[in-house]
Every structure is written in C-alpha cells, then in structure tokens.
Amino acid sequence: MEISDENFRVWAERNQVYFDGVFRLAGPDAYAPIYSLISGLLHEGHEQVTFNLTGLEFLNSSGINLLAKLTIEARKIGDLLLVIKGTNQYPWQAKSLPNLKKLHPLLDLRLA
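Residues numbered from 1 in each chain as written. Predicted model: local features only at pLDDT ≥ 70, side-chain atom pairs only at ≥ 80, totals over all residues. Heavy atoms only, no water.

Asker: So what's going on with helix α1 (residues 28–42)? Residues and values would help.
Answerer: The sharpest bend along α1 measures roughly 35 degrees and falls at I34. Along α1, the residues that are buried comprise Y31, I34, L37, I38, S39, L41 and L42. Against the buried residues of α1 lie β1 (2–4), β2 (8–13), β3 (16–23), β4 (48–59) and α2 (61–77). (Bend = angle between axes of the 7 residues up to and from the residue. Helix = DSSP H or I, 4+ residues; strand = E, 2+ residues; numbered from the N terminus. Buried < 20%, exposed > 50% of the residue type's maximum accessible area, 1.4 Å probe, protein only. Contact = heavy atoms within 4.5 Å.)

Written out as structure tokens, the structure is:
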C-alpha cells in the first residue's frame, strides 16, 4: 500500500516501510492514515520491521510524534526488532532520530 501527495510518499514492501520527500502534514489527524498503514505492518508477525528514512528530507513535529508513537508500538510487541535507517545528509535526522532510542532501547538505529 502507498500513501502520497505531491510532496511525499510512504509505502510498504514486505517488512520495510519507505518514507520519501517532505512531510508537512497538519497535525496528528493528517498522519492517521500513515499510522494505520505502519501499525498494521508492525502487527503482522514479522521478526524485524525496517523504517527507511534515507529519502525523507523533512519531517515536522507532528511527523516526529508519529515516529515516536510507532516506536512505542513496536516496543510493546516485544519480540519485534525495529530498525530505523536514516542519513546524516539531513541534519534533522541526526538530531531527532537518536531520541527514539530513549523510547525503545533495543531499537537498531543506523545513520549513514
């Protein structure tokens, strides 16, 4: 499944979720379809789920809140390994993504 508009695209392939573009959605309600898509994937029984954020140029505070909620959701599942792939190319990722480890200490964060 894919959710997109002219500025962004998010889609899932097997146990990987890809984020691409600029996410400036207007609050948590606007991010609800994305949350539903990814939350469903987290509960499909995979051993590992990867969020690939390397194409994500910008994410506003509501989007960062979305990632935090999904990280907590993954932590609650217990035997699910959550991997987040980011890039140092976008400074917000190097600043914000390490905070997700505070919510889920077993999170595998990979910044390249």
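Let's pick the thread back up.
Asker: Quick rundown of the pattern of salt bridges? Include the residues and the values.
Answerer: In this structure the tally under the stated criterion is two salt bridges. Between R9 and E2 there is a salt bridge; the shortest N-O distance is 3.1 Å. Looking at E2, the relative accessible area reads 40%, which means it is partly exposed. Put simply, D108 and R110 hold a salt bridge, and the shortest N to O gap is 2.7 Å. Classification of D108 as partly exposed rests on a relative accessible area of 24%. (Salt bridge = Lys/Arg side-chain N within 4 Å of Asp/Glu carboxyl O.)

Asker: Run through the UniProt feature "domain: STAS" (unreviewed entry) in the protein, naming residues and quoting values.
Answerer: Under the local residue numbering, the UniProt record ascribes the feature "domain: STAS" (unreviewed entry) to residues 22–84. In the segment residues 22–84, helix accounts for 51% and strand for 29%; the C-alpha atoms at its two ends are 18 Å apart. (UniProt positions renumbered as here; feature names shortened; annotations may be inferred.)

Asker: So what about the pairing of β4? Which residues, and what values?
Answerer: In terms of strand pairing, β3 meets β4 through seven bridges, oriented parallel. Paired with G21 across the strands is L56, a residue of β4. As a crossover connection, the stretch from β3 through α1 into β4 is right-handed. Across five bridges, the pairing between β4 and strand β5 (residues 81–86) is parallel. Each residue of the ladder has a partner; that of T50, found in β5, is V83. With α2 bridging β4 and its parallel neighbour β5, the resulting β-α-β unit is right-handed. (Pairing = 2+ DSSP bridges. Right-handed = clockwise from strand over helix to strand, strands pointing away.)

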